[in-house]
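Given next are the chains, with one letter for each unit.
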Amino acid sequence: MKYYYIIILGVLLSMLPFANAVESTNHTIISGTFGVAWLDGDGIVRVFDGQKVTEPVPNVKIYRVAAADLLEEGNDQLLFLDNEKKSLHLYNFKTKMILGPFGSNVKSITAGRFPNESYLSLFASTFSGQSFRWTKEVMEKGWLPISGDFTEVASGKFTSNSQSDDFAVVTDGILYLFSTKWQTYSSQSDAGQNIVALLTGNFTDSLADEIVFFDKTGTAFLFQNQVAENLKQKVICLTLGKNGGDIASPNLDTLYGLDGRGKPVVYDRVSKSWKEVPFQNAFSCTNIVTRTNPDGKGHELFVVGNNDLYQIVADGTTKQLSEQQSTKILLKNNGNVIADYRFKNVRFKPYIEKLRTPSGRNILRDAPYDHLHHHGLMFAIAVNGCNFWEEFTPKHGKEITVSINPQPNEETPSLESELDWKDSESKTLIKENRKISVSTNSVEKARETGENVTLLDWQTTLKANDQGANLDKSNHHYFGLGLRFDQTMDKDGRFFSNSETNKPEEVARGDERLTPCQWMAYTAKLNGEPVTVAVFGHPSNPIPTMAFTMGNAGKSFAYLGITLNLHRQPVEMKPNSTLTFRYRIAVWDGETTPETIAKTYFVFAQ
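Residues numbered from 1 in each chain as written. Predicted model: local features only at pLDDT ≥ 70, side-chain atom pairs only at ≥ 80, totals over all residues. Heavy atoms only, no water.

(A) Structural detail: the nonpolar core. Among the nonpolar cores identified, the biggest contains 70 residues, and Ile352, Leu355, Leu456 and Ile585 are the most heavily contacted of them. Among the elements that line this core, the one with the most residues is strand E49 (residues 578–589), at five residues. Apart from the residues lying within four places of it in its own chain, the contact partners of Leu355 are Ile338, Ala339, Arg361, Asn362, Ile363, Leu364, Thr454, Leu456, Ile585 and Val587. Counting 25 residues, the second largest nonpolar core, distinct from the first, contains Ile29, Phe48, Val212 and Leu222. (Core = buried A, V, L, I, M, F, W, Y, C linked by side-chain atoms within 4.5 Å. Buried < 20%, exposed > 50% of the residue type's maximum accessible area, 1.4 Å probe, protein only. Helix = DSSP H or I, 4+ residues; strand = E, 2+ residues; numbered from the N terminus. Contact = heavy atoms within 4.5 Å.)

(B) Structural context of the side chain of His477. Structurally, His477 is set in the loop between strand E39 (469–471) and strand E40 (480–484). Note on His477: relative accessible area 6%, which makes it buried. Here Glu512 takes part through its side chain, which lies 2.6 Å from a polar atom of the side chain of His477. Not counting chain neighbours up to four residues away, the residues in contact with His477 comprise Ala508, Arg509, Glu512, Leu514, Phe548, Thr563 and His567. (Polar contact = N/O pair within 3.5 Å; in protein donor to acceptor, adjacent residues only side chain to side chain.)

(C) Representation of the pairing of strand E21 (residues 227–241). One ladder, built from five bridges, connects strand E20 (residues 219–224) with E21; its direction is antiparallel. When the sheet's bridge partners are listed, Phe223 is paired in E21 with Ala228. What sits between the antiparallel neighbours E20 and E21 is a turn of two residues, in which Asn225 has the positive phi angle 55°. Bridge count for E21 against strand E22 (residues 254–259) is six bridges, and the pairing is antiparallel. (Pairing = 2+ DSSP bridges.)

(D) Quick peek at the sheet that holds strand E6 (residues 62–68). Overall, antiparallel pairing links the four strands, which are arranged E6-E7-E8-E9 in an open sheet. This sheet does not close on itself; its edge strands, each paired only once, are E6 and strand E9 (97–102). Averaged over all pairs of adjacent strands, the angle between their axes in this sheet comes to 20°, without regard to strand direction. Of the strand pairs in this sheet, strand E8 (residues 88–92) and E9 are connected by four bridges, and their pairing is antiparallel. Bridge pairing in E9 places Tyr91 opposite Ile98. (Axes fitted to C-alpha atoms, helices over the stretch in contact; angles between N-to-C directions.)

(E) Quick look at the environment of Lys349. If you trace the backbone, Lys349 turns up in the loop between strand E30 (336–342) and strand E31 (351–355). Remark: the alpha-carbon pair of Lys349 and Ile62, spanning 287 residues in sequence, is separated by 20 Å. The contact partners of Lys349, leaving out residues within four places of it in the chain, are His373, His375, Met378, Ala380, Phe388, Trp389, Glu391 and Glu399. Only 2.6 Å separates the side chain of Lys349 from the backbone oxygen of Trp389, close enough to count as a polar contact. Among the polar contacts listed, one links the side chain of Lys349 to the side chain of Glu391, at a separation of 2.9 Å.

(F) Molecular detail of the confidence of the model for the protein. Model confidence for the protein is summarised by a mean pLDDT of 87, while 91% of its residues fall at 70 or above. Within the protein, the lowest mean pLDDT, 28, falls on helix H1 (residues 10–13), and the highest, 98, falls on strand E32 (residues 377–380). (pLDDT = per-residue confidence, 0-100.)

(G) The side chain of Asp259, seen in detail. Considering the arrangement of structural elements, one finds Asp259 in strand E22. A polar contact is formed between the side chain of Asp259 and the backbone nitrogen of Lys263, at a distance of 2.9 Å.

(H) The arrangement of unusual backbone geometry in detail. Looking along the chain, the bond that leaves Gly100 and enters Pro101 is cis, with omega of 5°. Tracing the backbone through its elements, the reader meets Pro101 in strand E9. With an omega of 5°, the peptide bond running from Asn405 to Pro406 counts as cis. Tracing the sequence through the fold places Pro406 in the loop between strand E35 (398–405) and strand E36 (414–422). For Lys96, which is not a glycine, the phi torsion comes out positive at approximately 60°. Structurally, the position occupied by Lys96 is in the loop between E8 and E9.

(I) The arrangement of the sheet that holds strand E17 (residues 184–187) in detail. The sheet built from four strands is open, its strands ordered E14-E15-E16-E17 with antiparallel pairing. Here the strands that pair on one side only, and so sit at the sheet edges, are strand E14 (152–156) and E17. Strand-to-strand, the axes of this sheet are offset by a mean angle of 25°, without reference to chain direction. Direction of pairing for strand E16 (residues 174–179) relative to E17: antiparallel, over a ladder of four bridges. Opposite Tyr176, over in E17, you have Ser187 as the bridge partner.

Structure, rendered in structure tokens:
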């Protein structure tokens, strides 16, 4: 996919600030023109935009966040490294789309401007010991290699007349300065050893930026003019407040931190001592960051504690900005959690996030780096030209939960939910009644399947509105019900199905297959131990069962689903008409025989 951008005169671009972004040394909280972004306890990024909290990239587990206007649009993008491949992604708040993934194995990033360049560069180091530059100019090409290997990095203007940025990096606990002009590193060994985190800012009356860091003991230092001044404070993270100096020096940055107790503290440059920030809550904070005011004068202070975001206002009053609510319903049977159904704080479609074998092992994978729209066990198609399967596309749709029973935190083996399928303009195209239930053994064991099995039943009833609905023909032969498996199940697995039909499988693309069948099964090793998963389509379904599989013989990731075959035979629903689809997913520990799977299927099919 090609991306096109408006080209602005270089002299104007050089005036665009990327400095709206404010970093914290723990790299799990950041601020920018979009607001404050932080990672919650599940590694999901949440954003407070000044009014409400949202999840722009829901369910994506993230390792590190940053912010910069790498696309030169006048507003910061959210930069993040996914927790799996450590690839770079950019979330554009303007278009509400994700760009990426770019690269992999990235451990450290920051933005800065190189000499004679009007655009920003991302300065990055990988876990394999290499360093690179990344810019919008090389978005679809290889990253630009540079020398060096570092664990931490921050940008700044370390000479008063600098027109470009330099970078402070930490290698093996030693501070180095990288000159963008000369492309060389200079050791700052006088700063000390065992440095673990750093940030840059204008903290003194110097015309250049300084470096503040803390070492392995947590002791903070200010480094300038080749001298490291001990700031006599133990900290767990640091951040700065831009344009937040005192009355005598209003343009200097303010230095904040969290002390060893997790309490916010601020450095007083007059007395050269730290003072506690008034804070009325008793809990310990884990993150701290500031947000620069829109007019560039002063800043706001934010902390994270109890897995939530708070703003510290006058006299230490704290304002809770979001309240963590349960986003899941846990489906239980015989006291054991069988499946997790996630429906709150999902932007596109509710889904089964986890499905467990009888011994409790989860087989599903949620929002992997290569296909962020793959969510465990999900159901989606295209309706009236609107794509509900893919996400972050111009014509994407959303499956909105209107009602659900039961509510989170109730132990239940089943749920029922009403959903409105809305297009990008929030118009409801079709409605869905969804019923999901789980069980283990029970009827199936009594009917002598002879196996310990997890069963999940999924029933979807689609109802057209007064204008009817078109279940669209598209080029996507996999729309329907689908399962993305745990990464350890991607290789050396085996698909097999019943032999009740003489219709052959069809090669759809690469190793992707379409197979008319009653059931399709997949056997693979989950973290070294075998499991078997089978998907059944009920014979009463209005569209015959067509299994979609990919990844056989380890050629790609493993995927299993039942497609509605709409790419060949679209369906036109009359006004107010309904279509009901029933499916069952069966999961066994170990390898399971076709005979056992067939017995389990025929119990379902009756």
